[in-house]
Amino acid sequence: MKKAILLLTLVASCIMACTGNQQKKTHMEKDNATLVRLETTLGNITVKLYNETPGHRDNFIKLVKEGAYDSTLFHRVIRSFMVQAGDPESKHASDTATLGNGDVGYTLPAEFNPTLFHKKGALAAARQGDDVNPEKASSGCQFYIVTGKKFSQAQLINMENQVNEARLDTAFNILARKHMKEIFKMRKAGDNEGLLELQDSLEAQARAEVAKEPRFKFSKQQIDAYTTLGGAPHLDGNYTVFGEVVDGMDIVDKIESVKTNRADRPVTDVRILKAVIAE
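Here's a quick rundown of the structure.

Rules and cut-offs
Along each chain, the written sequence defines residue order, and numbers are assigned to residues from 1. Predicted model: local features are reported for residues with pLDDT of at least 70 only, side-chain atom pairs are reported and counted for 80 or more only, and whole-chain, interface and lining totals are derived from all residues. In computing side-chain values, all of the structure's heavy atoms are included and hydrogens and water are not. When two rings of Phe, Tyr or Trp (its six-membered ring) have centres within 6.5 Å they constitute a pair, described as stacked for plane angles under 30 degrees, edge-to-face for angles over 60, and tilted for the intermediate range. Working definition: helices are DSSP H or I runs of at least four residues, strands are E runs of at least two. Numbering for both runs from the N terminus. Here a cavity denotes a set of grid points, spaced 1 Å apart and computed over the protein atoms alone, in which a 1.4 Å probe fits but from which it cannot get out, and a pocket denotes an open set meeting protein on both sides within 12 Å along at least five of seven lines; residues with an atom within 4 Å of a point are reported as lining. Grid points are joined across faces, edges and corners, and a volume is the space filled by probe spheres set on the points. All amino acids are sorted into three groups, where Ala, Val, Leu, Ile, Met, Phe, Trp, Tyr, Cys and Pro are nonpolar, Asp, Glu, Lys and Arg are charged, and the leftover types, Gly among them, are polar. In this text, buried Ala, Val, Leu, Ile, Met, Phe, Trp, Tyr and Cys residues form a nonpolar core when linked through side-chain atoms within 4.5 Å. The rule is simple: take the accessible area with a 1.4 Å probe, protein chains only, and divide by the maximum for that residue type; under 20% is buried, over 50% is exposed, in between is partly exposed. Only one rule defines a salt bridge in this text: a Lys or Arg side-chain nitrogen within 4 Å of an Asp or Glu carboxyl oxygen. Patch membership requires over 30% relative accessible area and the absence of a salt bridge. Like charges are linked within 9 Å, and nonpolar side chains (Val, Leu, Ile, Met, Phe, Trp, Tyr) within 5 Å. Only the protein chains shown count as covering a residue, and every accessible area follows the Shrake-Rupley method with a 1.4 Å probe. Here Asp and Glu are counted as negative and Lys and Arg as positive; His is not counted, and neither are the chain ends. Every charge is mapped onto a representative atom, which is NZ of Lys, CZ of Arg, CG of Asp or CD of Glu. Two strands pair under a simple rule: DSSP has to find at least two bridges between them. Under this scheme, a helix contributes an axis fitted over its contacting stretch, all axes are lines through C-alpha atoms, and angles between N-to-C directions fall in the 0 to 180 degree range.

## Some details on the packing of aromatic side chains
Part 1 of the reasoning: Under the criterion given, the structure shown has eight aromatic pairs.
Part 2 of the reasoning: Relative to Phe-143, the ring of Tyr-69 has its centre 5.3 Å away and its plane inclined at 85°; by these criteria the two rings are edge-to-face. Highlighted residues: Tyr-69 in the loop between helix H2 (54–66) and strand E3 (74–78) and Phe-143 in strand E8 (residues 143–146), separated in sequence by 74 residues.
Part 3 of the reasoning: Both rings, one in Phe-218 and one in Tyr-226, keep their centres 6.0 Å apart while their planes meet at 75°; by these two values the pair is edge-to-face.

Next up, the structure:
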């Protein structure tokens, strides 16, 4: 009888182990995201790349395999906001060099996804400003990791209103630039009536352009994250989020806390020694 019980116990254990492995395998297959380890002078950071942003994912993997990030600096660090890296010119930069303009000769089309946002630990692509980059195309190499801060619901509502007003201003400015010659001509002639008519026309066109898209509004998921975990909500819908930190956020916090100069560059270099695809 004891042998029978022992045999049944062994069989049951085997079944549970096999089931557990199968469940683990199924989970792994479902969450088959690529992991990248950034080995820095302050410790290791592991990021998960989102499959929902394939263009940015594949480009990041390509650059990692090419060694493009090896020896680059975290050249821009702002407390309660983010830490930025990936400028190829930072590899051999002097202590006084101005960094942040380096690139790899191409940009990436934006891949905005409302379910991927700037919570603390988010990995996102840097880019040039709207004035020269209205399509919000991402840098081909520079990225940042969000540290951010916590917000109240009232602050988030106010931010929604600011974002929607900024959209209107941006649309108006883009249209105005297309009429600069006409505007200068009217100013030179002192045609204030013509300027006012053009302004009204451009405002109407800008409102019509903005109305084509729904008003910006934070989702419940975003509100929950920003009021508890924290982040940088004002960047949502403007910069592509393509991954997140899954291990080593304490290292990111260390980087965020280093002393910086007036250009937000760490006084003591914080370097990515090597970036590798994690097993």
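## So, the layout of surface pockets
Part 1 of the reasoning: One number sums up the size of the largest pocket: a volume of about 1,100 Å³.
Part 2 of the reasoning: What lines the largest pocket is a set of 39 residues, among which Lys-136, Arg-167, Glu-213, Gly-237 and Asn-238 lie closest to the centre.
Part 3 of the reasoning: Considering every element that reaches the lining of the largest pocket, the biggest residue donor is helix H3 (residues 153–178), with eight residues.
Part 4 of the reasoning: A class-by-class count of the residues in the lining of the largest pocket yields 17 nonpolar, nine polar and 13 charged.
Part 5 of the reasoning: One number sums up the size of the second largest pocket: a volume of about 680 Å³.

## A look at the nonpolar core
Part 1 of the reasoning: In terms of nonpolar packing, the biggest core is built from 29 residues, with Ile-45, Leu-49, Phe-60, Tyr-69, Phe-74, Phe-143 and Ile-255 touching the most fellow members.
Part 2 of the reasoning: Of all hydrophobic cores here, the second largest spans twelve residues; its members include Ala-122, Tyr-144, Leu-235 and Val-241.

## Things to note about the pattern of salt bridges
Part 1 of the reasoning: Per the counting criterion, the structure on display carries twelve salt bridges.
Part 2 of the reasoning: Salt-bridge contacts for Glu-244 lead to Lys-119; the nearest nitrogen and oxygen are separated by 3.5 Å. Residue Glu-244 is located in strand E9 (residues 241–247), and its partner Lys-119 is located in the loop between strand E5 (107–108) and strand E6 (122–125); the two are separated by 125 residues in the primary sequence.
Part 3 of the reasoning: Under the relative-accessibility criterion, Glu-244 is labelled buried at 18%.
Part 4 of the reasoning: The closest approach of N and O atoms between Asp-253 and Lys-120, which form a salt bridge, is 3.6 Å. With Asp-253 in helix H7 (residues 249–256) and Lys-120 in the loop between E5 and E6, this pair connects stretches of sequence that are 133 residues apart.

## Let's talk about empty space enclosed by the protein
Part 1 of the reasoning: If you walk through the whole model with that rule in mind, you get one cavity of 30 Å³ or more.
Part 2 of the reasoning: Within this model, the largest cavity holds a volume of roughly 70 Å³.
Part 3 of the reasoning: Taken together, His-56, Asn-59, Phe-60, Tyr-69, Leu-108, Ala-125, Ser-139, Gly-140, Cys-141, Gln-142, Phe-143 and Phe-242 make up the full set of residues lining the largest cavity.
Part 4 of the reasoning: It is H2 that provides the largest number of residues to the lining of the largest cavity, a total of three residues.

## Notes on a negative patch on the surface
Part 1 of the reasoning: Together, Asp-191, Glu-193, Glu-197, Asp-200 and Glu-203 make up a region of like negative charge exposed at the surface.
Part 2 of the reasoning: Within the secondary structure layout, Glu-193 lies in helix H5 (residues 192–210).
Part 3 of the reasoning: Overall, Glu-193 belongs to the exposed group, its relative accessible area being 58%.

## Comments concerning the sheet that holds strand E2 (residues 43–49)
Part 1 of the reasoning: If you trace the eight strands from one edge of the open sheet to the other, you get E3-E4-E8-E6-E9-E2-E1-E10, paired in antiparallel fashion. Unpaired on one side and paired on the other, E3 and strand E10 (272–277) mark the two borders of the sheet. Neighbour to neighbour, the strand axes of the sheet diverge by 25° on average, direction disregarded.
Part 2 of the reasoning: Here strand E1 (residues 34–40) runs beside E10; their pairing, made up of five bridges, is antiparallel.

## Description of unusual backbone geometry
Part 1 of the reasoning: With phi around 80°, Ser-71 is a residue other than glycine that occupies positive phi space.
Part 2 of the reasoning: Secondary-structure assignment places Ser-71 in the loop between H2 and E3.
Part 3 of the reasoning: Among the residues examined, Ser-71 registers a relative accessible area of 29% and is labelled partly exposed.
Part 4 of the reasoning: Although it is not a glycine, Lys-136 sits at a positive phi angle of roughly 60°.
Part 5 of the reasoning: Note that Lys-136 resides in the loop between E6 and strand E7 (138–139).
Part 6 of the reasoning: Owing to a relative accessible area of 17%, Lys-136 belongs among the buried residues under this scheme.

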